[in-house]
Amino acid sequence: MDRSIHVDNLHDKSYAQPSFDGTMDMNKNVKKVTKTLVTNGCVDYKGNIADKRTTGGWKASPFIIVNEVAERLAFFAVAVSMVAYLVFEMHQSLPDAATHVNDWIGAAYVLTLLGAFLADAYFGRFLTIIIFSCIYFVGMILLTLSASIDSLRPPQCIARPCIPATKGQTAFLYGALYLIALGTGGIKPCVSTFGADQFDESDKKESQKKYAFFNWFFFAINMGALLGITLLVYVQQEKGWTWGFVVPTAAMFVSIVILVAGFTNYRYQKPMGSAFTRFVQVIVVSIRNHFRGVVVASESELYEMKTKESDIFGARKLPHTKQYRFLDKAAVVTDPEIIINNKWKLCTVTQVEEFKSFIRILPIWASTIALSISFAQLSTFFLTQANIMDRKITPHFTIPAGSVPVFTAVNGLLLVPVYEKFIVPHLRSKTGHERGITSLQRIGVGLFVSIFALMSAALVERMRRQSSNPTSLSIFWLFPQFFLVGTAEVFSYVGQLEFFYDEATDGTRSISSALFLSEIGIGSWLSSAIVKIVESATGGVEKGWLRNNLNKSKLDYFYWILTGINAVNFLVYLVIAWRYKGRNGERGTIRDESMVFELDGRFKKKNDTDEFRGMAS
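Residues numbered from 1 in each chain as written. Predicted model: local features only at pLDDT ≥ 70, side-chain atom pairs only at ≥ 80, totals over all residues. Heavy atoms only, no water.

Going by an unreviewed UniProt entry, the chain carries the name Protein NRT1/ PTR FAMILY 8.2-like and comes from Nicotiana tabacum. The chain has a UniProt comment under Subcellular location (unreviewed entry) that states "Membrane". (UniProt positions renumbered as here; feature names shortened; annotations may be inferred.)

Draft legend 1. How the structure looks around the environment of Lys 543. Inspection of the secondary structure puts Lys 543 in helix 19 (residues 540-543). By relative accessible area, which is 66% here, Lys 543 ends up exposed. Taking the C-alpha atoms as reference points, Lys 543 and Ser 553, separated by ten residues in sequence, lie 8.1 Å from one another. (Helix = DSSP H or I, 4+ residues; strand = E, 2+ residues; numbered from the N terminus. Buried < 20%, exposed > 50% of the residue type's maximum accessible area, 1.4 Å probe, protein only.)

Draft legend 2. Layout of the side chain of Ser 367. Looking at the secondary structure, you find Ser 367 in the loop between helix 12 (349-366) and helix 13 (369-376). Residue Ser 367 is classed as buried on the basis of its relative accessible area of 3%. Apart from the residues lying within four places of it in its own chain, the contact partners of Ser 367 are Leu 447, Asn 569, Tyr 573 and Ile 576. (Contact = heavy atoms within 4.5 Å.)

Draft legend 3. Quick peek at the pattern of salt bridges. Evaluated as defined, the whole model comprises 16 salt bridges. Asp 328 is the partner of Lys 356 in a salt bridge, and the nearest nitrogen-oxygen pair spans 2.8 Å. A residue pair is termed long-range when its members are at least 10 positions apart, and Lys 356 in helix 12 and Asp 328 in the loop between helix 11 (275-291) and helix 12 qualify at 28 residues. On the accessibility criterion, Asp 328 (2% relative accessible area) is buried. Across the pair Glu 353 and Lys 356 runs a salt bridge whose closest N-O atoms are separated by 3.1 Å. Residue Glu 353 and its partner Lys 356 are both found in helix 12; the two are separated by three residues, about one turn of the helix. The pair formed by Glu 353 and Lys 356 is uniform in burial state, with each residue classed as buried. (Salt bridge = Lys/Arg side-chain N within 4 Å of Asp/Glu carboxyl O.)

Draft legend 4. Molecular detail of the environment of Phe 499. Take Phe 499: it is sitting in helix 17 (residues 479-503). Judged by relative accessible area, which is 0%, Phe 499 ranks as buried. With 14 residues separating them along the chain, Phe 499 and Ser 513 place their C-alpha atoms 9.5 Å apart.

Draft legend 5. Representation of empty space enclosed by the protein. Per the counting criterion, the structure on display carries eight cavities of 30 Å³ or more. Size it by volume and the largest cavity reaches roughly 430 Å³. Listing elements by their share of the lining of the largest cavity, those giving two or more residues are helix 3 (57-88), helix 4 (94-110), helix 8 (204-229), helix 13, helix 15 (406-431), helix 17 and helix 18 (509-537). Looking at the lining of the largest cavity element by element, the count peaks at five residues for helix 3. Split into classes, the residues belonging to the lining of the largest cavity amount to 17 nonpolar, five polar and three charged. The residues that make up the lining of the largest cavity include at least three from each of domain 1 (34-273) and domain 3 (351-583). (1 Å grid on protein atoms, 1.4 Å probe; cavity = no way out; pocket = protein on both sides within 12 Å on 5 of 7 lines; lining within 4 Å. Points joined across faces, edges and corners; volume = space filled by probe spheres on them. Nonpolar A, V, L, I, M, F, W, Y, C, P; charged D, E, K, R; others polar. Domains from an automatic or database assignment.)

Draft legend 6. Molecular detail of the environment of Asp 120. On the secondary structure map, Asp 120 appears in helix 5 (residues 112-123). Residue Asp 120 is classed as buried on the basis of its relative accessible area of 7%. Dropping the residues within four chain positions of it, Asp 120 is found in contact with Arg 125, Pro 271, Met 272, Gly 273, Gly 507, Thr 508, Arg 509, Ser 510 and Ile 511.

Draft legend 7. Representation of the packing of helix 5 against helix 7 (residues 167-196) in the model. Running from N to C, helix 5 and helix 7 cross one another at 60°; their axes reach a closest spacing of 7 Å. As judged from the angle between their axes, helix 5 and helix 7 are oblique. Like other packed secondary-structure pairs, helix 5 and helix 7 cross with a definite hand, here right-handed. Packed against helix 5, whose contacting residues are Thr 112, Leu 114, Gly 115, Ala 116 and Ala 119, the element helix 7 presents Leu 182, Thr 184, Gly 185, Gly 186, Lys 188, Pro 189 and Cys 190 at the interface. (Axes fitted to C-alpha atoms, helices over the stretch in contact; angles between N-to-C directions. Parallel < 35°, antiparallel > 145°, perpendicular 65-115°, else oblique. Left-handed = near helix turned anticlockwise from the far one by under 90°.)

Draft legend 8. How the structure looks around the packing of aromatic side chains. Tallying each qualifying case throughout the model produces 36 aromatic pairs. Considering the side-chain rings of Phe 126 and Phe 263, the 5.8 Å spacing of their centres and the 50° angle between planes classify their relative orientation as tilted. Highlighted residues: Phe 126 in helix 6 (residues 125-148) and Phe 263 in the loop between helix 10 (241-261) and helix 11, separated in sequence by 137 residues. Exposure remark for Phe 263: the relative accessible area of 35% places this residue in the partly exposed category. Consider the rings of Phe 558 and Tyr 559, whose centres lie 6.2 Å apart with planes at 45°: the pair is tilted. Across the pair, Tyr 559 and Phe 558 agree in class, each one buried. Connected via pairs of aromatic rings, a cluster forms that spans Tyr 45, Phe 63, Phe 126, Phe 194, Phe 263, Tyr 266 and Tyr 268. A cation over an aromatic ring shows up here: Arg 72 above the ring of Phe 75, its NZ or CZ 4.4 Å from the ring centre. The residue whose ring lies beneath Arg 465 is Tyr 557, and the NZ or CZ to ring-centre distance is 5.6 Å. (Phe/Tyr/Trp six-rings, centres within 6.5 Å; stacked < 30°, edge-to-face > 60°. Lys NZ or Arg CZ within 6 Å of the ring centre and 35° of its normal.)

Draft legend 9. Structural context of the side chain of Asn 569. Within the secondary structure layout, Asn 569 lies in helix 20 (residues 555-579). Judged by relative accessible area, Asn 569 falls into the buried class, the value being 12%. Beyond its immediate sequence surroundings of up to four residues, Asn 569 is in contact with Ala 366, Ser 367, Thr 368, Ala 370 and Leu 447.

Draft legend 10. Summary view of the nonpolar core. Core analysis: the biggest nonpolar cluster contains 148 residues, and Met 82, Trp 104, Leu 143, Phe 558 and Tyr 559 have the highest contact counts within it. Broken down by element, the residue count for this core peaks at 13 residues, all from helix 3. Discounting residues that sit within four places of it in the chain, Leu 143 has contacts with Val 78, Met 82, Leu 173, Ala 176, Leu 177, Ile 180 and Phe 245. (Core = buried A, V, L, I, M, F, W, Y, C linked by side-chain atoms within 4.5 Å.)

Printed below as a string of structure tokens:
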């Protein structure tokens, strides 16, 4: 009966119209919902496609930023104190202590490659951060025990030579430090990338907010550093080493709690499998096909999935590019009758392009490592200088030596908001570029400023050493070198965050971020190597340029060596950046930065090539 009524009234407008209107309303609702869903593959905590109205953006970012403040507070509190702890508590020589701290910091940042691998292949970014934060927390507890239990340190030095730490005492301390390094390595490549995941690139408004997030993320790093090198160093000086490590341990615990508190607000990228394995597959297949005589005659011969999504779980397809054509041989179908799902015999275009994108960024990465050598001095020789200079502000207050890097942190805190709110809009009006200048240019500015930072350090140290009373020289003479290093870091660090995130593919975001961070670790190791080379080439700890007694050393000569390294590195970077071809295949351009803007009533297109040539000239 119901069916006959439906048929009889099929052409009755009074019956059909409400049904039609309802369908239209439903379609509108579907379209409305679709527009609010992200397009980058992120899901919410329930596993559904993330909705922009309830997840991500600035609803989620504050938790990540505050977490970064707490974690960086803990790290810098340890980093700026460790040289002094090794010298005065563990009775190591100054060059050895500086070398060990550089090695530790180097390990912390190189281990980011491990954290990124685990995040992309198995755990996802959020879970990786939580797991390694717990490892970090255990390391902080052990470090606190090392400072609080007398049997874990050598007896107090009364007369020289001091009794050195035993192997067991040293092993316990290094075990704690390297657990912290492991924790840092797991956290660092995931936090900034996890924060960027909260913004959908295909949404113009959210895409712009993503770049603002990178600036505020760097602001958070400096806020954590500021608190770590002022408040916590003061606690350590006034209350002793135990309290100096208890407070950052508590801060690390708070950082975990804060991150977990935002659980329902986040957008999550599911693990996409091991990028390193996919890279090796491309290399193996392309080499095998090369020796078989395979030649790529046309792009149409290359294999790609016919589905909408790529065969890399959760990753979008990538268009073919002409660069590194040798690797295209991995995607050539050698037997058109048989296509098997075996990546060790045939790769897709997307898999090949993913590897190409990774290769492209390697020259930029290599040409910015020298900058990290400069940053390594902040926690070693810069602090050693500060320790023997006049740090009195008033008759009753003396700046702790470990707090002197506050000059760098304050610079970052002030410059980031000024740059974001005033400089970027001004540059945008001049260049037409959405970020004012490109990320490659921003990195270049940082590299250029670092030359003058080391030059300033050399001149000030020469003046201090030649002074009739070196220890009477005011600590504020060190302000220029700290300020300039901070300025270099503001430009280069944020520029690298933008560059390595933008040039990464969906499946290599954490790996790309880790690659950038690893250069900080490699820079620390290179700093240690240079110290050892200079020390052995100039007469050792007793007669060389770098001695236990800084007043008898020639630290300014060491700074001049670093100045020369940075100057040569800057010239190399200019050439590499000018020749860089981004994912769109154009020289000097990178994705999301070759954009169209409406200026003076007409549209202009800007790219990195023209702008970087302008800077280079």
